[in-house]
Amino acid sequence: MIQDLQLYNTLSRKKEVFEPLNAPHVGMYVCGPTVYNDVHLGNCRTFISFDLIFRYLKYSGYKVRYVRNITDAGHLEGDRDEGDDKFAKRAKLEQLEPMEIVQKYTLGFHDVLRMFNTLPPSIEPTATGHIIEQIEMIKVIIDNGYAYEVDGTIYFDVEKYSKKYNYTILTNRNLDDLLANTRELDGQGDKHGRLDFALWIKAKPETLMQWASPWGMGFPGWHIECSAMSAKYLGSEFDIHGGGMDLAATHHTNEIAQSEACSHHQPAKYWMHTNMLTVNGTRMSKSAGNGFLPGELFTGDHPLLKKGYSPMTVKFFMLQAHYRSTLDFSNDALDASEKGFKRMMNAIVLLPKLIASEQSDVAIEPIRVNCINAMNDDFNSPVVIAELFEAVRIINTVYDGSAKISATELEALKKLMNDFVNDIFGLKDEDTSNGEFNEVLDMVINLRKEAKENKDYATSDMIRVGLQKIGIQLKDSKEGTTWSKV
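Residues numbered from 1 in each chain as written. Predicted model: local features only at pLDDT ≥ 70, side-chain atom pairs only at ≥ 80, totals over all residues. Heavy atoms only, no water.

Looking up the protein in an unreviewed UniProt entry gives the name Cysteine--tRNA ligase, with the organism given as Pedobacter albus. Under Catalytic activity (unreviewed entry), UniProt gives the following word-for-word description of the protein: "tRNA(Cys) + L-cysteine + ATP = L-cysteinyl-tRNA(Cys) + AMP + diphosphate". According to the UniProt record, the Subcellular location (unreviewed entry) comment for the protein is "Cytoplasm". (UniProt positions renumbered as here; feature names shortened; annotations may be inferred.)

Written out as structure tokens, the structure is:
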């Protein structure tokens, strides 16, 4: 029996049946990267997780508009409106224009996600491309009485907002405790309250990226862009808002406040968050010296890595953990995933070589139902992978003659593997030389066939043993000779 799709909603802190506001249409917004530096693995995990969700919703028949933004302005080093502008600082460091920095790291971000074989979002808006929308939203928030101006900077009034709405609804934190634990910052004495945050920031004369506004030259605060762009492309109410769990406490909390202050209702029905990465049990971070970039993981060029791992191996490794669970990187764990991924790809290579029988010893439908129910249980990819390895076992036993499969079950098996491995997980065989390799191998098999026909069994056995030494196993049958990787 197929269960209803359920997902974990951070807002309610429980799993809920997924009921879109306007089925079959689904609106999903995911906070994208701040493109002042190379994308890190924590970002990659978030985008791979939401790619899985995007793919599965489409597979389930929904018409999904997936919006993932690019933050290319307005992000200061501190989340609380303090510090230097990240883009200006990087531009000075690399002696480039800020938009050269944006272009460089946006292209790099897309290159990495392409290596992970993720689908592009339906819309990928930028903060700088939506300055007008952000200004208009700020004007509405001011008109509604939830923001105030101090010398060209616009602050959101958290205390006034909290009298009507629940500011900490997403994290369930106590507002008084939050106030008590929030320190005063130098240069922010103009704010009415400690938790107030900037919607628009007055530009200094030397500020590289600034725009005209009703309050003078300035630039948008970090949080307002997502509220403005999600409202523009998905409406003031939409289905899913996602991102890393590190965004929940500040960025997403402030997004909800801005949107609610503007439209008087919650922006998203479901809030979803991916968990953090650790390395050998310690949280991954630059300061701890255990953070590595995707490129370093692929090449192995990092002191903590004994070798490089392919993008599909890394993606498979990530999918072996539930998106809400902590994911721990270690050489042993990556080695195990590499072996598992190769085993799955080798089985898929065997699929076209399987020969259907009149009868069948296997049933594929229970596996398919289990896979769908696992995905319907908050996108439980580890359980799906376990079920797919049962399908791998079936492929191998049918191939070696230990089991029989009917034509109907064989087609169901092929569809199962294509649906889940290719279409939903977005995994693919990375051996780009397969075409040429197959041609060479077919030639070698034909040479062995000629040797057997000429009763040159020494040459025939030499070819078979030689191929076995390099991981190629031959199987002779009345239909001919087939091969598989071992």
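Q: An account of the overall build of the protein is needed here, citing residue identities and associated values.
A: Across its full length, the protein holds 16 helices and 15 strands. Each of the three principal axes of the protein carries a C-alpha extent, and together these read 95 × 55 × 35 Å. Looking at the protein residue by residue over its 486 residues, the buried ones come to 51%. Partitioning the intrachain contacts of the protein with sequence separation of at least 6 by distance along the chain shows that 74% fall at a separation of at least 24. Here the protein holds 53 positive side-chain charges and 67 negative ones, and the gap between their average locations is 4 Å. (Helix = DSSP H or I, 4+ residues; strand = E, 2+ residues; numbered from the N terminus. Buried < 20%, exposed > 50% of the residue type's maximum accessible area, 1.4 Å probe, protein only. Contact = heavy atoms within 4.5 Å. Lys, Arg positive; Asp, Glu negative; His and termini not counted. Charge placed at Lys NZ, Arg CZ, Asp CG, Glu CD.)

Q: Mind laying out the pattern of salt bridges, listing which residues take part and the relevant values?
A: Taken as a whole and assessed by the stated rule, the structure comprises 20 salt bridges. Put simply, K306, K307, D335 and E338 are held in one network by salt bridges that share partners. (Salt bridge = Lys/Arg side-chain N within 4 Å of Asp/Glu carboxyl O.)

Q: Describe in detail the sheet that holds strand β4 (residues 63–68), supporting the description with residues and values.
A: The parallel open sheet is built from four strands, whose spatial order is β4-β3-β9-β10. Strands with a single pairing partner mark the edges of an open sheet, and in this sheet they are β4 and β10 (268–274). On average, adjacent strands in this sheet sit at an angle of 20° to one another, irrespective of strand direction. Bridge count for strand β9 (residues 238–244) against β10 is six bridges, and the pairing is parallel. (Pairing = 2+ DSSP bridges. Axes fitted to C-alpha atoms, helices over the stretch in contact; angles between N-to-C directions.)

Q: Residue-level account of unusual backbone geometry, with values.
A: Residue A23 is joined to P24 through a cis peptide bond whose omega torsion reads 5°. Following the sequence through the fold, P24 ends up in the loop between β2 (14–17) and β3 (25–30).

Q: Give a detailed account of the packing of aromatic side chains, specifying residues and quantitative values.
A: Using the criterion set out here, one finds 20 aromatic pairs in the structure. On the basis of an interplanar angle of 15° and a centroid distance of 5.0 Å, the ring pair of F156 and F197 is categorised as stacked. Of this pair, F156 sits in strand β6 (residues 153–156) while F197 is found in strand β7 (residues 197–202), placing the two residues 41 residues apart along the sequence. Linked through ring pairs, Y146, F156, Y161, Y165, Y167 and F197 together constitute an aromatic cluster. (Phe/Tyr/Trp six-rings, centres within 6.5 Å; stacked < 30°, edge-to-face > 60°.)

Q: Explain the environment of Q359 residue by residue, including any values.
A: Relative to the assigned elements, Q359 resides in the loop between α11 (331–350) and α12 (365–376). Given a relative accessible area of 58%, Q359 falls into the exposed group. Q359 sits 48 residues away from A407 along the chain, and the two C-alpha atoms are 8.7 Å apart.

Q: Give a description of helix α14 (residues 407–424) that names residues and reports values.
A: Helix length check: α14, at 18 residues, gives a terminal C-alpha distance of 24 Å against a target of 26 Å (1.5 Å per residue), a fit within 8%. Restricting attention to buried positions, one finds in α14 the residues E409, L410, L413, L416, M417, D419, F420, V421 and I424. On its buried side, α14 packs onto α1 (41–59), α11, α12 and α13 (381–399). In the segment just after α14, G426 is the residue with positive phi, at about 70°. (Expected span 1.5 Å × (residues − 1).)

Q: For the nonpolar core, give the residues involved together with the corresponding values.
A: Among the nonpolar cores identified, the biggest contains 90 residues, and F329, L388, L413, L416, M417 and F425 are the most heavily contacted of them. Core analysis: the next-biggest nonpolar cluster, separate from the first, contains 38 residues, I131, A147, L170 and L247 among them. (Core = buried A, V, L, I, M, F, W, Y, C linked by side-chain atoms within 4.5 Å.)

Q: Any chance you could break down the sheet that holds strand β11 (residues 277–279) for me, citing the residues and the numbers?
A: With mixed pairing, the three strands of this open sheet are ordered in space as β12-β11-β13. Each edge of the sheet is formed by a strand with only one pairing partner; in this case those strands are β12 (282–283) and β13 (327–329). Bridge count for β11 against β13 is three bridges, and the pairing is parallel. Within β13, the residue paired with L277 across the bridge is L327.

Q: Which residues make up the side chain of S230, and what are the values?
A: Its place among the elements puts S230 in helix α7 (residues 224–234). On the basis of relative accessible area, S230 is assigned to the buried category, the value being 2%. Here S230 is in contact with Y29, G235 and F238, once residues within four sequence places are set aside.

Q: For the UniProt feature "short sequence motif: 'HIGH' region" (unreviewed entry) in the protein, give the residues involved together with the corresponding values.
A: Here, the residues flagged by UniProt with the feature "short sequence motif: 'HIGH' region" (unreviewed entry) are residues 33–43. Between the end C-alpha atoms of residues 33–43 the distance is 7 Å, and the span holds 27% helix and 0% strand.

Q: Go over α1, please, and point to the residues and values.
A: Over its 19 residues, α1 runs 26 Å from end to end, which matches the ideal 27 Å to within 8%, given 1.5 Å per residue. Of all 19 residues making up α1, 15 are buried, and the element is well covered by its neighbours. Among the residues trailing α1, G61 stands out with phi positive, at a value near 100°.

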